[in-house]
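If you want the building blocks of each chain, they are given just below.
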Amino acid sequence: MSLNGWLQITLFIAAVLLLAKPMGIYLTRVFNRSSTFLDPILLPCERFLYRLTGVNPEQEMRWTEYATAMLVFSAATMLLTYLVERLQHILPLNPQHLPNVEPFLALNTAVSFTTNTNWQSYVPEATMSYLTQMLALATHNFWSAAVGMSLAIAFIRGIARRESKTLGNFWVDLTRGIFWVLLPISIVFSLALVSQGVVQNLRPYDTSKLVEPQISISSDGKTSTITTQTIAQGPVASQEAIKMLGTNGGGFFNANSAHPFENPTPLTNFLQMLAIFLIPAGLTVTLGQMVGSPTHGWAVLAAMVVLWFAGTFTCYWAESQPNLMLHGVNQHVSELQSGGNMEGKEVRFGITNSALFATVTTDASCGAVNAMHDSFMPLGGMVPMVNILLGEIVFGGVGAGLYGMLIFVIIAVFIAGLMVGRTPEYLGKKIEAYDVQMSMLYLLIFPLIILGFAAISVLMPTIGLASLANHGPHGLSEILYAYTSATGNNGSAFAGLNANTPWYNNSLSVAMFFGRFMMIIPMLGVAGNLAGKKIVPASAGTFPVTTPLFTLLLTGVILIVGALTFFPALSLGPILEHLLLRAGHAF
């Protein structure tokens, strides 16, 4: 670790905190349907869309109707993506003449992008045509992010309203999230990326002659000489912008944000990380604004920052350590080298920005990577995994992070109420049995899917274990990370696992689908129940949710729930691997 590295980390979080308030106030105005500077352009478009689709923007929905509309929209867009993939060989904008995507992989990808996971069991530039990348995948980056944002706003309304039966109109929230938030910021961001060298075109791939021919040895032992290289390109910047802003993460290239056409400079790297946290940080301010307690929003944001710092410090420290298995190699920091573990990292980003990026992308449900998590040191690789295992509520995905954090808030105030012997209250509303039951259902679904599928995979040598590039504790980490990433709708991976098999394509599809939608239903149930409650005046025994004590309690509850649930699995994976490495054993 170095002073320069910590200055870069400090600059990043300072920028996030400076932008949180203006972003949060803007989001409040958008979803409260107050006036904004974009109204003259967008209001006519919004009204035209409602007339075209028959939506009555004044008609609000109960939580069950809101959930139904969300599920219908998600199912329809998932089907569209699947069909585009299956028919891409006869559709236009396919200059490479790529074949259609095979059924299992097409289903996996459709579910992945619908759920904001963007898990990719394929090489994008060799599998997806330009039309598929734009019409099926990039559009889903807008849709899934807008769905998450709409759900967070619905939950906030449930907290803010009193004796109400409705949470708003899903179609209005979806439209305003796309038109007023995601589209305009993405346009500006994509132009900034183009200015830094991110590719944006529709040209066929170029073929370049190698200066030095390379010898290739196939799996059957035959050799061949390679004299040319294919240089993939395409509409990258437009997809990169919403990939980050919408915390989606699916790269245009297989190397994702480690590819120089996606992330060419330290400035683009900084902007991409900032885009990941921009809306999630702003939504905490929106929470405070809409419930009438701005300090509460800042208290929730403070808990996120504490957890972010803990993960960043651990990952940065772990990756700065020398690998004890590399004997006779100088791995210490000096003026001539970064030191530490540089395996799987880009030199232009180094230890600091690789560790920071890994922490940020897994704190949110983004999944974009600028370094290979599979190559991290055991504890360094554990940090991204733990970030997802906590439910991705440390800033979290667009919308999903906030409503996940609010579930923990309900559990925290419930525990606080038990400790003082009073009925728990949250911003003037009594937390009752139904609220706690639905919150616990939300929390229990997550580990059930992850640990259940991981256990099945470990017990099937010919199906689950055959895809591993590594065995022992690191192999377990690869399987555990895959189901954690899928269920948490993150999309990053420990690359040593070949997930493009029938078992992993199908099981990961199920994990992604239920990890998204099975957790949304109980969350909306809590929101609908809260909306119908009366406000109870605060008393001397009311636990305040605007103080450092609340932030400390909330952080503690998150860590305790995560530790009790997943520590046994982690102790057999990255923790055991770390101990073996310290003892000088290869793995």
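Refer to the structure printed above.
Residues numbered from 1 in each chain as written. Predicted model: local features only at pLDDT ≥ 70, side-chain atom pairs only at ≥ 80, totals over all residues. Heavy atoms only, no water.

Caption draft 1: Summary view of the overall build of the chain. Check the secondary structure of the chain and you find 18 helices and 4 strands. Scaling as 2.2 N^0.38, a compact globule of 587 residues should have a C-alpha radius of gyration of about 25 Å, and the chain matches this with 24 Å. Reported as C-alpha extents along the three principal axes, the dimensions of the chain are approximately 75 × 60 × 50 Å. The burial tally for the chain puts 56% of its 587 residues in the buried class. In the chain, of all internal contacts separated by at least 6 residues, the share reaching a separation of at least 24 is 78%. Working note: accessible area of the chain is about 23,200 Å², and carbon and sulfur atoms make up 67% of it. Within the chain, one finds 25 positive and 27 negative side-chain charges whose respective centroids are separated by 12 Å. (Helix = DSSP H or I, 4+ residues; strand = E, 2+ residues; numbered from the N terminus. Rg over C-alpha atoms; globule rule 2.2 N^0.38 Å. Buried < 20%, exposed > 50% of the residue type's maximum accessible area, 1.4 Å probe, protein only. Contact = heavy atoms within 4.5 Å. Areas by Shrake-Rupley, 256 points an atom, 1.4 Å probe, with all protein chains shown as cover. Lys, Arg positive; Asp, Glu negative; His and termini not counted. Charge placed at Lys NZ, Arg CZ, Asp CG, Glu CD.)

Caption draft 2: Representation of the packing of helix α11 (residues 350–363) against helix α12 (residues 378–389) within the structure. Where α11 meets α12, the axes come as close as 8 Å, and the angle between the chain directions of the two elements is 15°. Between α11 and α12, the interaxial angle falls into the category roughly parallel. The handedness of the crossing between α11 and α12 is right-handed. On α12, the residues touching Ala358, Thr359, Thr362 and Asp363 of α11 are Val383, Pro384, Asn387 and Ile388. Split by residue class, the contact of α11 with α12 holds 4 nonpolar, 3 polar and 1 charged. (Axes fitted to C-alpha atoms, helices over the stretch in contact; angles between N-to-C directions. Parallel < 35°, antiparallel > 145°, perpendicular 65-115°, else oblique. Left-handed = near helix turned anticlockwise from the far one by under 90°. Nonpolar A, V, L, I, M, F, W, Y, C, P; charged D, E, K, R; others polar.)

Caption draft 3: Just the layout of surface pockets, in detail. For the largest pocket, the calculated volume is near 500 Å³. Taken together, 25 residues line the largest pocket, and the ones lying closest to its centre are Gln120, Tyr122, Asn254, Ala493 and Ala495. Looking at the lining of the largest pocket residue by residue, the classes come out as 13 nonpolar, 12 polar and no charged. (1 Å grid on protein atoms, 1.4 Å probe; cavity = no way out; pocket = protein on both sides within 12 Å on 5 of 7 lines; lining within 4 Å. Points joined across faces, edges and corners; volume = space filled by probe spheres on them.)

Caption draft 4: A look at unusual backbone geometry. You will see that Arg33, though not glycine, has its phi angle at about 60°, which is positive. In this structure, Arg33 sits in the loop between α1 (3–31) and α2 (39–53). Looking at Arg33, the relative accessible area reads 38%, which means it is partly exposed. In this model, Glu163 sits at a positive phi of 50°, which is unusual for a non-glycine residue. Counting through the fold element by element, Glu163 comes out in the loop between α6 (130–160) and α7 (170–195). Taking relative accessible area as the criterion, Glu163 reaches 55% and is therefore assigned exposed.

Caption draft 5: Quick look at the pattern of salt bridges. The final tally for this structure, using the stated rule, is 12 salt bridges. With a closest N to O distance of 3.0 Å, Arg203 and Asp206 form a salt bridge. Two residues, Arg348 and Glu346, come together in a salt bridge whose shortest N-O distance is 2.6 Å. Given a relative accessible area of 27%, Arg348 falls into the partly exposed group. (Salt bridge = Lys/Arg side-chain N within 4 Å of Asp/Glu carboxyl O.)

Caption draft 6: A look at empty space enclosed by the protein. A full pass over the atoms with the stated rule returns 3 cavities of 30 Å³ or more. The computed volume of the largest cavity comes to approximately 70 Å³. Considering the residues around the largest cavity, the lining is formed by Val413, Ala416, Gly417, Val420, Arg422, Thr423, Pro424, Glu425, Gly541, Thr542 and Phe543. Looking at the lining of the largest cavity, the element that brings in the most residues is helix α13 (residues 400–420), giving 4 residues. For the lining of the largest cavity, the class distribution of residues is 5 nonpolar, 4 polar and 2 charged. For the second largest cavity, the calculated volume is near 60 Å³.

Caption draft 7: Focus on the pairing of strand β1 (residues 206–217). Where burial is concerned, little of β1 is hidden: 0 out of the 12 residues are buried. As paired strands, β1 and strand β2 (residues 223–231) are joined by 8 bridges and run antiparallel to one another. Residue pairing across strands places Ser208 opposite Gln229, the latter belonging to β2. (Pairing = 2+ DSSP bridges.)

Caption draft 8: Summary view of the packing of helix α15 (residues 472–487) against helix α17 (residues 548–572). Packing of α15 against α17 brings their axes to within 8 Å, and their N-to-C directions diverge by 140°. Considering the angle they form, α15 stands oblique to α17. Within the contact between the two elements, α15 uses Pro473, Leu476 and Leu480 and α17 uses Ala569, Leu570 and Leu572. Looking at the contact of α15 with α17 residue by residue, the class counts come to 6 nonpolar, no polar and no charged.

Caption draft 9: Molecular detail of the environment of Leu98. Position of Leu98 relative to the elements: it lies in the loop between α3 (63–87) and α4 (103–114). For Leu98 and Glu125, which are 27 residues apart along the polypeptide, the C-alpha to C-alpha distance reads 9.6 Å. With residues up to four places along the chain from it excluded, the contact list for Leu98 reads Gln88, His89, Glu125, Ala126, Thr127, Met128 and Ser129.

Caption draft 10: Main features of the environment of Ser492. The topology assignment puts Ser492 in the loop between α15 and α16 (502–531). C-alpha separation for the pair Ser492 and Phe277, spaced 215 residues apart in sequence, amounts to 17 Å. In this view, Ser492 contacts Trp119, Thr362, Gly367, Val369, His373, Ile388, Tyr481 and Ser485; residues no more than four positions away in its chain are not counted. In this structure the side chain of Ser492 is engaged in a polar contact, spanning 2.6 Å, whose partner is the side chain of Asn490. (Polar contact = N/O pair within 3.5 Å; in protein donor to acceptor, adjacent residues only side chain to side chain.)

Caption draft 11: Examining the packing of aromatic side chains more closely. Summed over the entire model, instances satisfying the criterion amount to 27 aromatic pairs. Look at Tyr26 and Phe37: their rings are 6.2 Å apart centre to centre, the planes differ by 40°, and that puts the pair in the tilted class. With a gap of 11 residues between them, Tyr26 in helix α1 and Phe37 in the loop between α1 and α2 connect regions that are remote in the sequence. When its relative accessible area of 15% is taken as the criterion, Tyr26 is described as buried. What links up through ring pairs into an aromatic cluster is the set Trp6, Phe12, Phe270, Phe277, Trp308, Phe309, Phe313, Tyr316 and Phe395. The ring of Trp180 carries Arg176 above its face, with NZ or CZ at 4.1 Å from the centroid. (Phe/Tyr/Trp six-rings, centres within 6.5 Å; stacked < 30°, edge-to-face > 60°. Lys NZ or Arg CZ within 6 Å of the ring centre and 35° of its normal.)

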